[in-house]
Amino acid sequence: TLQNQRRERIAKAGLLLERWGQQLRQPAIRDTEAAETDIDFIEDQMTAEILSSLTAEKMHIVRQHWSEGHSAAEIAEMEDLPRSEVRQTLGFAVEQVADKVLK
């Protein structure tokens, strides 16, 4: 069903964001010629491109969550923001990746 497909795309988008966060901590070295046809590389590039279009504030929240491993509650406390705003930002990032990378 459509709902299951959407759930799968959202889950996959979460995994792509996890991979993006890991690459910020430890960049992967790839053979660029071979990477151009590697679906993981293409998805990673598209994910990074989508995230680069976020505002600086949203990008900071996204980075803290997926690269530094902080929860929404921790980020809200550190940044003195409402938890709902942090959760919305993280949800927005997942939606963007799901909609634009995993069409």
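Procedures and definitions
- Residues numbered from 1 in each chain as written.
- Predicted model: local features only at pLDDT ≥ 70, side-chain atom pairs only at ≥ 80, totals over all residues.
- Heavy atoms only, no water.
- pLDDT = per-residue confidence, 0-100.
- Helix = DSSP H or I, 4+ residues; strand = E, 2+ residues; numbered from the N terminus.
- Buried < 20%, exposed > 50% of the residue type's maximum accessible area, 1.4 Å probe, protein only.
- Salt bridge = Lys/Arg side-chain N within 4 Å of Asp/Glu carboxyl O.

## Details of the confidence of the model for the protein chain
1) Next: Confidence in the prediction of the protein chain, expressed as mean pLDDT, is 89, and 87% of residues score 70 or more.
2) Next: Here helix α2 (residues 32-35) stands out as the least confident element of the protein chain, with mean pLDDT 57; helix α5 (residues 72-79) is the most confident, with 97.

## Considering the environment of E85
1) Next: Along the chain, the position of E85 falls in helix α6 (residues 83-100).
2) Next: For E85, a relative accessible area of 28% puts it in the partly exposed group.
3) Next: Note: C-alpha distance between E85 and I61 (24 residues apart in sequence) is 10.0 Å.

## Re the pattern of salt bridges
Oppositely charged side chains can pair when the atoms bearing their charge come close.
1) Next: For the structure shown, the criterion picks out 7 salt bridges.
2) Next: Between D40 and R19 there is a salt bridge whose closest N-O contact spans 3.6 Å. With D40 in helix α3 (residues 39-52) and R19 in helix α1 (residues 2-25), this residue pair connects regions lying 21 residues apart in the sequence.
3) Next: In this structure R19 comes out as partly exposed when scored by relative accessible area, which is 22%.
4) Next: Measuring nitrogen to oxygen at the nearest pair gives 3.4 Å for the salt bridge that ties R19 to E43.

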